[in-house]
Amino acid sequence: VGDREAIKRIAYEFVEDKAKEGVIYVEVRYSPHFLANTKVDPIPWEQAEGDLSPDEVVHLVNEGLREGERAFNIKARSILCCMRHMPNWSMDVVELCKKYRHEGVVAIDLAGDESLNCEANPGHRRAYEEAVCCGVHRTVHAGEVGPASVVKEAVEVLKAERVGHGYRTLEDQDLYKELLAQNMHFEVCPISSKLTGACDPDFTKHPVITFRKDKANYSLNTDDPLIFNSSIHLDYSTAHKYMGFTEEEFKRLNINSAKSCFLPDDEKEELLHRLYEAYGMLQSTAF
Ligand SMILES: *[C@@H]1O[C@H](CO)[C@@H](O)[C@H](O)[C@H]1NC(C)=O
Ligand SMILES: *[C@@H]1O[C@H](CO)[C@@H](O)[C@H](O)[C@H]1NC(C)=O
Ligand SMILES: *[C@@H]1O[C@H](CO)[C@@H](O)[C@H](O)[C@H]1NC(C)=O
């Protein structure tokens, strides 16, 4: 926090870690305000005022990711988080998304404690309206610990295109059916959901098993891999070992992940092509 060199290096090493995990495309999210120590009110983590603004944080992360992409030959994009308890940062976040859209920032997110404002604060709402207006992609953490109503609001009010976690959507079957019908994408994080207590620690009862059964649109992701000392392998191997996931399902969900990514269409096609090629599916899908 507040350390230019560290911020850039963490972004760079993040790409290195993902490349080593066999990832070819990744979207990473963070709150620029949490890493800054000026032009952010209040200054987080009880820091003294310094000279690193959220804007410069985004610039540094972009640089780190770009250098990582070149060094490790994979593609990395970023998503900037608004924080639920800081509605007055949100306009700033969407402006940063707009400013840096050609430098690797692909979307806006809303993260943090869902219990704080189930009714999205006007600050978040305005930021998401601006995002819709300007064609900035949108995802929202919802239904991880908060009730299904938070998911409903994320989709209907904030116009989220993807739902972060979304497990508790299952508590509102009407909403769940609606989201299935509109192919809403759920960003599922198995290891995280156990460690945070969001889901039953018994993986055989995990909501993603229902998502799979219903052929929902979802991805498997890490969440805070540094804090949880985890990697994407652990999420996949857990799904395999405890939830009966097969190679076929991994392919299906990886393809849905790629289809639901926030890259521009041409780059998305290219990513999908690489997956189809790797999975030996080129014939059936090219036309
Ligand atoms: C933003 O919100 C925080 C938390 O409620 C508050 O402490 C701060 O003074 C606000 N800043 C501005 C500029 O309104
Ligand atoms: C998931 O969403 C993507 C992007 O909208 C879409 O292309 C894909 O068909 C969806 N998959 C399912 C299973 O609904
Ligand atoms: C983190 O995980 C790795 C690989 O599983 C393990 O070797 C290492 O000891 C772990 N580190 C900590 C601090 O738990």
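Our subject is the structure listed above.
This one's a predicted model, so the numbers in the text were calculated from it and none came from an experiment.

A. Representation of unusual backbone geometry. That bond from Asp-41 to Pro-42 is cis: its omega, 0 degrees, falls within 30 degrees of zero. Here Pro-42 is to be found in the loop between β1 (25-30) and α2 (54-72). Although it is not a glycine, Lys-39 sits at a positive phi angle of roughly 55 degrees. With respect to the secondary-structure elements, Lys-39 resides in the loop between β1 and α2. A positive phi is found at Asn-183, a non-glycine position, where the angle reads about 60 degrees. Turning to its location among the elements, Asn-183 is positioned in the loop between α6 (173-181) and β6 (185-188).

B. Fine view of the nonpolar core. Ranked by size, the top nonpolar core spans 73 residues in total, and within it Ile-108, Phe-211, Tyr-218 and Leu-220 carry the most contacts. Contact partners of Ile-108, with chain neighbours within four places excluded, come to Ile-79, Leu-80, Cys-82, Val-93, Val-94, Cys-97, Tyr-128, Ala-131, Val-136, His-137, Arg-138 and Thr-139. Among the nonpolar cores identified, the runner-up in size contains nine residues, and Tyr-25, Cys-261, Leu-271 and Tyr-276 belong to it.

C. Local environment of the side chain of Glu-27. As for its placement among the helices and strands, Glu-27 is situated in strand β1. Glu-27 sits in the buried class, given a relative accessible area of 18%. For Glu-27, the side chain forms a polar contact with the side chain of Arg-162, separated by 2.8 Å. A polar atom in the side chain of Glu-27 sits 2.8 Å from the backbone nitrogen of Phe-262. The contact partners of Glu-27, leaving out residues within four places of it in the chain, are Arg-77, Ile-79, Val-106, Arg-162, Cys-261, Phe-262 and Leu-263.

D. Local environment of the pairing of strand β2 (residues 75-83). Taking burial as the measure, the nine residues of β2 include eight buried ones, the bulk of the element. Here six bridges tie β1 to β2, and the two strands are oriented parallel to one another. Counterpart to Val-28 in the pairing with β2 is Ser-78. With α2 bridging β1 and its parallel neighbour β2, the resulting β-α-β unit is right-handed. Alignment of β2 against strand β3 (residues 105-111), held across six bridges, turns out to be parallel. The residue bridging Ile-79 from the neighbouring strand is Ala-107, located in β3. Read from β2 through helix α3 (residues 90-99) to β3, the crossover connection turns out right-handed.

E. Quick peek at the pairing of β3. By the criterion of burial, β3 is predominantly enclosed, with seven of the seven residues buried. Sheet topology note: the β3/strand β4 (residues 137-142) ladder contains two bridges and is parallel. In the sheet register, Ile-108 faces β4, and the bridge partner there is Arg-138.

F. Just the site of ligand 1, in detail. Neighbouring ligand 1 are Asp-41, Pro-42, Met-86 and Asn-88. Within the side chain of Asp-41, a nitrogen or oxygen atom sits 2.8 Å from a nitrogen atom of ligand 1. Contact distances for ligand 1 include 2.4 Å between an oxygen atom and a side-chain N or O atom of Asn-88. In isolation ligand 1 exposes 360 Å². Once the protein is present, 40% of that is buried. For the shell around ligand 1, a count of residues per class yields two nonpolar, one polar and one charged.

Definitions and limits used
- Residues numbered from 1 in each chain as written.
- Chains lettered and ligands numbered in written order.
- Predicted model: local features only at pLDDT ≥ 70, side-chain atom pairs only at ≥ 80, totals over all residues.
- Heavy atoms only, no water.
- Helix = DSSP H or I, 4+ residues; strand = E, 2+ residues; numbered from the N terminus.
- Core = buried A, V, L, I, M, F, W, Y, C linked by side-chain atoms within 4.5 Å.
- Buried < 20%, exposed > 50% of the residue type's maximum accessible area, 1.4 Å probe, protein only.
- Contact = heavy atoms within 4.5 Å.
- Polar contact = N/O pair within 3.5 Å; in protein donor to acceptor, adjacent residues only side chain to side chain.
- Pairing = 2+ DSSP bridges.
- Right-handed = clockwise from strand over helix to strand, strands pointing away.
- Near = heavy atom within 4 Å.
- Areas by Shrake-Rupley, 256 points an atom, 1.4 Å probe, with all protein chains shown as cover.
- Nonpolar A, V, L, I, M, F, W, Y, C, P; charged D, E, K, R; others polar.

Note that every value here comes from positions in space, so none of it alone points to a role or purpose.
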